[in-house]
Structures are given as C-alpha cells and as structure tokens.
Amino acid sequence: MAAEDLPSQFDVVILGTGLTESVIAAAFSRVGQNVLHLDRRNYYAGNWASFTFNGLLSWIEEYKNQQEVHITESEQVWRSLIDEGEDVVPLSSVDSSISNLQVFCYASEEEEKEEETKDPLTSCQPVNAETVSEETIADSTEAQDTVTEPSQSQEEKDSKPISSLEDPPVEVEKKITYQKLVKEGRRFNIDLVSKLMYSRGALVDLLIKSNVSRYAEFKNIGRILTCRNGKVERVPCSRADVFASKQLTVVEKRMLMKFLTFCLDFEQHPEEYQDYTEKPFREFLKNKKLTENLQDFVLHSIAMVTQQTLTEEGLKATQHFLRCLGRYGNTPFLFPLYGLGEIPQCFCRMCAVFGGIYCLRHSVQCLVVDKASNKAKAVIDTRGQKISCSHFVVEDSYIRDEQRQSTSYRQISRAVLITDRSVLPSESDQQISLVTIPPLEPSAPAVRMVELCSSSMTCMPGTYLVHFTCSSSGTAQEDLAPVVSQLFHVSTIPGEEPSEGAEERSKPAVLWVMYFNMRDTSALDSSSYSLPSNVHVCTGPDGSLGSDYSMRLAESVFHHILPDEEFCPPAPNPEDIIYDGDGPQAEGPGFDESANTEADKSQAEEEGAAHEKSPSTESSEPAEMDSVTQQAPSDTTPSSEE
C-alpha cells in the first residue's frame, strides 16, 4: 500500500522490522488484528539484517554520514495535529545502536593476474568466476549437501593450466582482489548479527508451529571446533564424535561419555551436584575429575558458558546442547540459507499474508498520549498523518534518552571477515563451522566464531564469510583484532603475501574486515522506560548464540496485549503442509546408544543439510522443518507495497 493511502485506524502500530518486532507483527496479524508495520530504513530486519557486499558498503557509508535531524517545520506539524488533553512523546530519528565502526581492506587493489603455481594443499582453491552461470547458482541450493571437494568442481577444471609437461597437472591460484569482491558482491549475504538456531530452540519450534518455515531453507552446521594453544581442532560432542576423536585418549573418551550421559538427566541425580549449586561450573567439572582438556571442551564448546557460570546453569546448558543433537544432523545447530536476515522477513511475509500493511522508508515522529489515561492513542508519521492505534510496539533504538531510566548499556563486539580459505581445511570444505576461542584470562570473555562457506549462499565461491562475536570490554577492534591475528594472516600491505614462515603462510588470509560494537539492551525491561503503559519496547539482539530471548520477549508482548489468544497458531492451509512419512518415527537426542551407531550414518548426518529429507521428529508438529525446506527458495519480501 502506498504511504499516502494509509488508513487512519489500526489495532497495533509496530515500528522496526527486527526479529522480535516481526514475530509480534505476524502473531497479531494471524489472529485478526489490524497491523501497520513501519521502518525508517530502506531494508527489512534492522540490526538483524543481511546485506550483499555492495549493500553493506552503502550501509557503512550511510551510517557514517547519519546525524540527528531536528526539523522545526515537523514540530509545527505536530502541534497543529495535537488536540486539547493530548501530549506528545517524540521519537529518535537516528539509530545509535551501532558504534566504533571500522573497515579495513587487505585484498589487492590490482586487477586479477595469474600467480605462481602453489601447493594445492596450502593454497586457496581456484575459482573461475566467468564460468559460473546463474543455473549453477540455482542448482547449488538443491545440491549443497552433496557438494564435492573443491578440486572436483567444473570451475577448477576449467581453471587448470593446459600443459603437457606437468604430470600431474597443478592448479593455478587466482588472487581474489577487491574488484572481484565488488563484482561478485551480490553473492554475499552478510549478517549484522551472528547467531545459530538450536534444533530444539524456541525459534525453530515457532517456525514449525506457525508454518513459517516453508518460507526459508536451512543448512546444518557441520563442525564444532575450538582453538586451544593456537591450534584449531574438532570438539567431540556426539557419541560418534567422541569415539572417533583422535585428540582424546581412551580414558578421556570414557570419562567424557560418562559425564555427558549424566548431564542428559542430571535432575534425577541431585546428590551429584547439590554441593556445587552455588559454585562455578568449572569447579564441578574439576570435582568430576575431568582433565583440563575435557573441561575446556565442556565449558566453552558444549555448554558455552563463562568461568563464573554457576553449576546448575552449566548443567542445563550442557543438557540443552545434547538434547538438540540428532534432530536434523550431527550437531545441534541450523543456519538459514542466505543469512539470518531471512528469518525476520519470513515473519513479515506471514503478517502481510494475513493483512498486515508494510511501509519502509517511513517512520513515526511522535506518539500522541492521552493525558487523562496516560496511554498512547495515536502516532504521527513522517508525512504528518495522525494514525490512531490501541497499542504501539517499538524497537529500542527509536526511544530517546529522555524516555529512559538509565542510559548505560552492555555492548557486543563484532567482526565480519571475508577470507580465502577455512581455518581447518578438510576433505569437504563446504561446511559451516562454529569455533569457540577460550579466553586467555579468566576475567576476559570467550570469543565465538562462525565460519560460513559458499554453499550457505552467504559468500562467493573461493571465499569464506567469518563472524566473530564477544561481550565488549573495549572497542570491537581492541577486543577482536588479536584473535583475528591469531587465526588468520592479516597483511600490513594490501595484497601482500605472508612471508613470516610456514606457520603464517598456512593461515587463511583476511581479504576484508569490518569491526563494530552493537548495543545490547536485553537486560532492560518495561521499568527501564518512562513510556505510556500501552507502548511496548523490543530490545535488540542479545549476545547469546541462539534467539530464545527474542522469542520469549515477542511472546510476552503478545500475551500482555492479548492474553486469551494463541501465539502464532499454524496457518489454516492444510494443502500446503508437507508430511514426511505416515506416522511418528523414533528419534533420540543424538547421544543415546541407538543413535550414531554406524560410522557412515554419522558422516551422512554431519554433512547433510536441513533440507535433506530425514525422519519425522514429533507427531504433534504440523510440518517438519526438514520437509518444508525441500521447496525452492521463495521471495521473502512481504507483498505489500512500500
């Protein structure tokens, strides 16, 4: 719908299209509420958005140039629309949730040239971009779970030098230049926030329940890694991984299996941990006689908690991790193809299907408050239209400091890298990897890294997209640059080859990196704001790996407004539901004796993606996620006119 044709009455006006706001919009629209969903940005998802490389460069430029705008004429328009007995709550016109943004380019500015032949085991795989057709890109979304080794691809075959003197023929590496990144920029989908989806987490459950999962496709995270003593190695977490592990001794394998089995139903054995309920989880692990090696695995890579986390919380985190194993693959995590920014758009699409109205590049200047009841009764948009509403939901970044009880926030440090190869090359590099980097000091935060391959549809072939995240103790560059230098070769001169020795040459090279801090307001609640009671604030992304906090917040806001309605019930179109099988089939947590008994089954689960057909998981679910993802990717942009 065109902005100038907006109706003047809605049940709910929602400002911001982040994940929480989009889920709330879908939930209200689904139960018949009239929803107006606005965003001042020209893209969906706010701080949850994904950008092409070129789009990200434009976003960076716009962000650096943005300033608070005060327009006297607008205030005069407000006053002409305000009646007696009404007051105004102005909203912020600029987003200050991102700070300390810095960008560095290490890729050569020169045109592409063929370089000297290099050892194919240590060099990045060649990519002949000219031979990659649109059909190839489309086909890769369906065949990504059976991706062959890069050396088997047609692009590499085409890029091999023709020489009768070389036996066997060796591959020629093509340098990835900055011009190449820009030219292939549409192949990137770069997230502002880095999260994964627990297979039994609140987000996956809601996607299945609401039937929104049919709007997206998903891929398994193939590997969970850790960095210890400067070396990246695999974390054994499933039964198959533990017994196949080469870095654990036989004694350590038995020790780890015994402990993880205990964690699956630790509530049944309170005598085992009751003396440690007020003590750190690390002390409990020591008491269980786990080696230093195993303590690091459990604390940082399985439970993913801090040194200060109490024992019961650590046990619950470990249990949740283990229960998520085996549902869709050999790790607990899924990742949406084309980036996390697809998920808010999926919920926006559901909202639009049930009548929600969307306008981008369109915002609200102020709330109109009834002085007698101290409730918001209307909003005035940027075009001077007064729109009545019963409830108003707003993203935190739109709230001015004068409406806050406190202006001190936690911060998240983020780094986004484009690199030339994986931190741990394997036979099949087309895997998504989660890497945990334990802190060097007990008081320092652990760093989480997600490495995305080209089959996730987030980067061009021949590159990897790497996300670093940690709690901030300084600027993002101060927090993360040392970790980046530990795992990657960072050239001081763009395009310079590493010359510090074999160890430095073996590291993947950073082609481009962006550092920034993102405000974390997840600790705030309704008492943190001086706002009318029918104005509900949605805080931005938190620092956790999953999205459970955002889902709980969305459901809480919904039930606060409509306590008797069901939250996001499934869409009433049974002809679109795809059932995988005639009835419920057995499913274990991925860690019991019945799971992962065969090596080839374990390998297939590890390399399979979410849209590879797998057994139904729960008979109560209307449509399984792995079923709906068999469909071709659809346009997730809501159909309403902006």
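For the structure, check the block above.
For the structure given in this document, a descriptive report is provided here. (Residues numbered from 1 in each chain as written. Predicted model: local features only at pLDDT ≥ 70, side-chain atom pairs only at ≥ 80, totals over all residues. Heavy atoms only, no water.)

## Topic: the nonpolar core
Here is step 1: Within the largest apolar cluster, 117 residues are counted, with the highest numbers of intra-cluster contacts made by Trp59, Phe259, Phe281 and Phe347.
Here is step 2: Setting aside anything within four residues of it in sequence, one finds Phe281 in contact with Phe259, Val298, Leu299, Ala303, Val305, Thr309, Leu310, Thr311, Gly314, Leu315 and Thr318.
Here is step 3: Among the nonpolar cores identified, the runner-up in size contains 26 residues, and Phe10, Val89, Ala376 and Cys389 belong to it. (Core = buried A, V, L, I, M, F, W, Y, C linked by side-chain atoms within 4.5 Å. Buried < 20%, exposed > 50% of the residue type's maximum accessible area, 1.4 Å probe, protein only. Contact = heavy atoms within 4.5 Å.)

## Description of empty space enclosed by the protein
Space left empty within the atom packing is revealed by a probe, the size of a water molecule, rolled over the atoms.
Here is step 1: Applying the stated rule across the entire model yields four cavities of 30 Å³ or more.
Here is step 2: Taken as a whole, the largest cavity holds about 110 Å³ of empty space.
Here is step 3: Forming the walls of the largest cavity are Gly18, Glu21, Asn47, Trp48, Ser97, Glu395, Asp396, Ser397, Arg519, Thr521, Gly540 and Pro541.
Here is step 4: Of the residues contributing to the lining of the largest cavity, the split by class is two nonpolar, six polar and four charged. (1 Å grid on protein atoms, 1.4 Å probe; cavity = no way out; pocket = protein on both sides within 12 Å on 5 of 7 lines; lining within 4 Å. Points joined across faces, edges and corners; volume = space filled by probe spheres on them. Nonpolar A, V, L, I, M, F, W, Y, C, P; charged D, E, K, R; others polar.)

## With respect to the pattern of salt bridges
Here is step 1: Taken as a whole and assessed by the stated rule, the structure comprises 21 salt bridges.
Here is step 2: The salt bridge involving Glu86 is made with Lys377; its shortest N-O contact spans 3.0 Å. Taken together, the positions of Glu86 in strand E4 (residues 86–90) and Lys377 in strand E13 (residues 375–381) put the pair 291 residues apart, joining distant regions of the chain.
Here is step 3: Notably, a salt bridge pairs Glu184 with Arg187, separated by 3.1 Å at the nearest N-O pair. With respect to class, Glu184 is no different from Arg187; both count as buried.
Here is step 4: If you follow the salt bridges from partner to partner, you end up with Asp39, Arg41, Asp95 and Glu395 in one network. (Salt bridge = Lys/Arg side-chain N within 4 Å of Asp/Glu carboxyl O. Helix = DSSP H or I, 4+ residues; strand = E, 2+ residues; numbered from the N terminus.)

## Concerning the environment of Cys453
Here is step 1: With respect to the element layout, Cys453 can be found in the loop between strand E17 (447–452) and strand E18 (464–471).
Here is step 2: The buried category is assigned to Cys453, whose relative accessible area is 0%.
Here is step 3: Remark: the alpha-carbon pair of Cys453 and Asp429, spanning 24 residues in sequence, is separated by 7.4 Å.
Here is step 4: Beyond its immediate sequence surroundings of up to four residues, Cys453 is in contact with Lys219, Asp429, Gln430, Gln431, Ile432, Thr458, Cys459 and Tyr464.

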